[in-house]
Amino acid sequence: MKILIDVMSGDNAPLEMIKGAEMAVKEFDHDIAIIGDENIISDISVKNDIDLSGIEIIHAPTVIDMEDKPMAVVREKRDSSMGLGLKKLSLGEVDAFVSAGNTGALITGATLIVRRFPGINRAAIATVLPLSNPVLLMDSGANLNVTSDNIAQFAFMGAKYMEKIYGIERPRVGQLNNGTEYNKGNTLQVESYQMLSESGLDFVGNVESKAVPFDVCDVLVTDGYTGNIFLKS
């Protein structure tokens, strides 16, 4: 597997990202490449005694800043480390792309450059909550307004992730809500409850936030607005 790391985006870039790439080469049996301004990468590596042998460096002259609008990744800054990295992923030149940069730009670029799986209407941010029994939270902030169809698709994607990555044969799916009864929440939650009940997934029903740490589900689905608030709390 070839993994491409955007070392120019995010907090403490590029030094900490370059350090992480160096660690990854030593710890994992995968090809590691980094993308960003070659001159800056070389200078920082020399000053901090970082060994880049075995790491491919791909030059990208610009950077998506945290203040940039999401569409900048496909308009003004297509030559950025994020923009070019996503392009290489879409072309199959790398197997995975990692960036700690502007979330809005990353979601926009993933949607418009890499594109979604057929039948999936919205990309979502999936966050593994590091509990004693990990829980995958979807959506963690990409979509403030969603439909029940989106919630159902988040549940299918989340269940497949937990099956493949954590080896859970039949992941339990819960819907974040303000009560466990089937008729709790607003119209979105009530409609989503019905769809998830008929989905064929192992739907355990509505889950209150206080119950999440206590192994009630493997996947927790909600809209990005609520999910982001829950994540940060």
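Structure first, text after, so check above.
The rules behind the values
Residue positions are given per chain, counted from 1 along the sequence in the order it is written. Given that this is a predicted model, residues contribute local features only at a pLDDT of at least 70 and side-chain atom pairs are listed and counted only at 80 or more, while totals for whole chains, interfaces and linings are drawn from all residues. Side-chain metrics in this entry use all non-hydrogen atoms of the structure; hydrogen atoms and water are not considered. The criterion for strand pairing is that DSSP finds at least two bridges linking the strands in question. Only runs of H or I of at least four residues qualify as helices and only runs of E of at least two qualify as strands under DSSP, and these elements are numbered from the N terminus. Angular values range over 0 to 180 degrees, each being the angle between N-to-C directions of two axes fitted as lines to C-alpha atoms, with helices fitted over their stretch in contact. Residue exposure (1.4 Å probe, protein chains only): buried if accessible area is under 20% of the type maximum, exposed if over 50%, otherwise partly exposed. Starting at the helix axis, one direction is taken to each C-beta atom, and the arc is that of these directions. Contact criterion: two residues are considered in contact whenever any of their non-hydrogen atoms come within 4.5 Å of each other. Counted as a polar contact is a pair of N or O atoms within 3.5 Å, where, for protein atoms, one must be capable of donating a hydrogen and the other of accepting one, and residues adjacent in sequence contribute only when both atoms are in side chains. Should an angle lie under 35 degrees it is considered roughly parallel, over 145 roughly antiparallel, and from 65 to 115 roughly perpendicular; all remaining angles are considered oblique. Each helix crossing is assigned a hand: it is left-handed if the near helix lies turned anticlockwise from the far helix by less than a right angle, otherwise right-handed if that turn is clockwise. Three residue categories are used. Nonpolar comprises Ala, Val, Leu, Ile, Met, Phe, Trp, Tyr, Cys and Pro, charged comprises Asp, Glu, Lys and Arg, and polar comprises the others, including Gly. When the strands point away from the viewer, a crossover counts as right-handed if the path from the first strand over the helix to the second runs clockwise.

Visitor: Give a description of the sheet that holds strand β8 (residues 202-207) that names residues and reports values.
Guide: A sheet is described by the order of its strands in space; here five strands give the open sequence β5-β6-β9-β7-β8, paired in mixed fashion. On the outer flanks of this sheet lie β5 (126-129) and β8, each paired with one strand and no other. Geometrically, the sheet is characterised by an average inter-axis angle of 25° between neighbouring strands, direction not taken into account. Here three bridges tie strand β6 (residues 135-138) to strand β9 (residues 219-221), and the two strands are oriented parallel to one another.

Visitor: Could you give an account of helix α7 (residues 224-232), naming the residues involved and the relevant values?
Guide: By the burial criterion, the buried members of α7 are Gly224, Gly227 and Phe230. Buried residues of α7 fall within an arc of 125° about the axis and therefore sit on the same side. In α7, those exposed residues whose orientation departs by more than 90 degrees from the buried face are Tyr225 and Lys232. Buried residues along α7 sit in contact with β5, β6, β7 (172-176) and β9. Its side-chain oxygen at 3.1 Å from the backbone nitrogen of Tyr225, Asp223 defines the N-terminal cap of α7.

Visitor: Could you give an account of the packing of helix α5 (residues 148-166) against helix α6 (residues 187-197), with specific residues and numbers?
Guide: One can describe the packing of α5 onto α6 by two numbers: an axis separation of 9 Å at closest approach and a directional angle of 45°. Between α5 and α6, the interaxial angle falls into the category oblique. For the crossing formed where α5 meets α6, the hand is right-handed. In contact with Ser148, Asp149, Ile151, Ala152 and Ala155 of α5, α6 contributes Leu188, Glu191, Ser192, Met195 and Leu196. Residue composition of the contact of α5 with α6, by class: six nonpolar, two polar and two charged.

Visitor: Explain the pairing of β7 residue by residue, including any values.
Guide: With four of its five residues buried, β7 lies for the most part within the structure. Across five bridges, β7 lies against β8 in parallel orientation. Note that in β8 the partner of Leu176 across the bridge is Val207. Considered for its hand, the β-α-β crossover made up of β7, α6 and β8 is right-handed. Summarising the sheet, β7 and β9 pair through three bridges and their orientation is parallel. Note on β9: the bridge partner recorded for Val173 is Val219.

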